[in-house]
Each structure stands twice: as structure tokens, then as C-alpha cells.
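Tertiary structure, described
Next come the chains, spelled out residue by residue.
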Amino acid sequence: YTKGVSHKLISTGEAAFFKSFNPSSLTTEELVELKTIFFNDYDVSFSVKGYSRSSTNDTVIFLVEGGRIKFEGDEIVEITGDAQILFENIGVDISDKDGRKLQNARAYGRYHPSAKGY
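Numbers given for residues are sequential positions, taken from 1 along each chain in its written order. Since the coordinates come from a predicted model, pLDDT governs what is reported: local features require at least 70, and pairs of side-chain atoms require 80 or more to be given and counted, while whole-chain, interface and lining totals use all residues. To get the side-chain values, take all heavy atoms of the structure and skip hydrogens and water.

**Focus: the overall build of the protein chain**
Numbering of helices and strands starts at the N terminus; helices are DSSP runs of H or I of at least 4 residues and strands are runs of E of at least 2. For the protein chain, the helix and strand inventory stands at two helices and seven strands. Mapped in sequence order, the helices and strands of the protein chain form the string β-α-β-β-β-β-β-α-β. When checking whether two residues touch, look at their non-hydrogen atoms; a contact exists if any pair is within 4.5 Å. When contacts within the protein chain are restricted to residue pairs at least 6 apart in sequence, long-range pairs at least 24 apart make up 49% of them. Using a 1.4 Å probe, the Shrake-Rupley method yields the accessible areas, and only the shown protein chains count as cover for residues. Entry remark: accessible area of the protein chain is about 7,700 Å², with carbon and sulfur atoms responsible for 47%.

Given below as C-alpha cells:
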């Protein structure tokens, strides 16, 4: 700062990075930092409001705006609420022949590194 000289404030966007993921293999830190889940080459997205991971780490349920998305391993096994309607809107078949796998929905996560340095 120099007295008598005007300075413009520069603002920057929030840091974020994207990667494909298997929810059951995410670390606690990655789950905490996960803010958005995208599917089907970004045709549909959900803001993550919370999560629950089973004690055996094989089941992860994401609380998203308007519903829940439940994974077992890397497979979606249940979608509830508005989340299901959004998947149906983009033409994604939400069950396969045995009713356990979401077809053609590649998942990506947007993470925001925390101030704690996770």
C-alpha cells in the first residue's frame, strides 16, 4: 500500500478440481471436500449437502439437493426424490436387468480443498 495511490482489489474464484471417482474408495478428507457430483459428461449435476459411509466403506449415500444417491462400490443402487427425475430427464436408464446398476452414467466430483490442507 502506498499512501495517496489508488489500488484495485483483485478477486479470484474458489479453487476447485475435478476427478472421476469410486465413492466407496474416497478418503474421509475427499468426502468432506466433495461439493458437486456430475454424471453423464456433465449432463446432470448435484450439490452435495452431506454423506454417510457404512462402517465397511462399501456403501456411501450422498444427500443431494432434492434427494439421495446411494452407491455400493462404484454402482448407483438407489436414487430418490428429485434426483431420480433429473436422471430420467436426460434419458438415463436408472436400472439394468438386475435392477442394481445405473447404466451409462460416469461420475465426476468437484472438490474444494479445505483450509486445513486436506
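**Things to note about the nonpolar core**
To define a nonpolar core, start from buried Ala, Val, Leu, Ile, Met, Phe, Trp, Tyr and Cys residues and group those joined through side-chain atoms within 4.5 Å. Type-normalised accessible area, obtained with a 1.4 Å probe on protein chains alone, sets the label of each residue: buried when under 20%, exposed when over 50%, and partly exposed for intermediate values. Of all hydrophobic cores here, the largest spans 21 residues; its most connected members are Phe 39, Phe 46, Phe 62, Ile 69 and Phe 87. Of all the secondary structure elements, the ones that give two or more residues to this core are strand S2 (34-39), strand S3 (44-53), strand S4 (59-64), strand S5 (67-72), strand S6 (75-79), helix H2 (82-89) and strand S7 (107-111). Filtering out sequence-adjacent residues up to four positions away, Ile 69 remains in contact with Phe 39, Phe 46, Val 60, Ile 61, Phe 62, Val 64, Ile 76, Glu 78, Ala 83 and Phe 87.

**So, unusual backbone geometry**
At Asn 57, a position not held by glycine, the phi torsion is positive, near 65 degrees. Mapped onto the elements of the fold, Asn 57 is located in the loop between S3 and S4. Classification of Asn 57 by relative accessible area gives partly exposed; the value is 35%.

**With respect to the pairing of S7**
Going residue by residue along S7, you find Ala 107, Gly 109 and Tyr 111 tucked away on one face and Tyr 108 and Arg 110 left uncovered on the opposite face. Only when DSSP finds a minimum of two bridges between them are two strands counted as paired. Looking at chain direction, S2 and S7 are connected through five bridges and run antiparallel. Following the sheet pairing, Ile 37 is matched in S7 by Gly 109.

**Quick word on the side chain of Thr 80**
Mapped onto the secondary structure, Thr 80 falls in the loop between S6 and H2. Distance and chemistry together define a polar contact, namely a pair of N or O atoms within 3.5 Å, with one atom able to donate a hydrogen and the other to accept it when in protein, and with adjacent residues in sequence counting only for side-chain atoms on both sides. A polar contact is formed between the side chain of Thr 80 and the backbone nitrogen of Arg 68, at a distance of 3.0 Å. Not counting residues within four places of it along the chain, the set of residues in contact with Thr 80 comprises Gly 66, Gly 67 and Arg 68.

**Here's the deal with the pairing of S4**
In the case of a regular strand, side chains alternate between the two sheet surfaces. Pairing analysis gives five bridges linking S3 to S4, with the strands arranged antiparallel. Its bridge partner lying in S4, Tyr 51 is registered against Phe 62. In this antiparallel pair of consecutive strands, S3 and S4, the connection spans five residues, and Asn 57 shows a positive phi of 65 degrees. Sheet topology places S4 next to S5; six bridges connect them, and they run antiparallel. Residue pairing across strands places Ile 61 opposite Lys 70, the latter belonging to S5. Hairpin geometry of S4 and S5 is characterised by an intervening segment of two residues between the two adjacent antiparallel strands and by a positive phi of about 95 degrees at Gly 66.

**Focus on the packing of aromatic side chains**
Centre distance within 6.5 Å is the pairing criterion for rings of Phe, Tyr and Trp, where only the six-membered ring of Trp is used; planes under 30 degrees apart are then read as stacked, over 60 as edge-to-face, and the remainder as tilted. One pass over the structure, following the stated rule, counts five aromatic pairs. On the numbers, 5.0 Å between centres and 65 degrees between planes, the contact of Phe 39 with Phe 87 is edge-to-face. Taken together, the residues Phe 39 in strand S2 and Phe 87 in helix H2 connect sequence positions 48 residues apart. Exposure class is identical for Phe 39 and Phe 87. Each is buried. Among the aromatic residues, those joined into a ring-pair cluster are Phe 39, Phe 46, Phe 62, Phe 71 and Phe 87.

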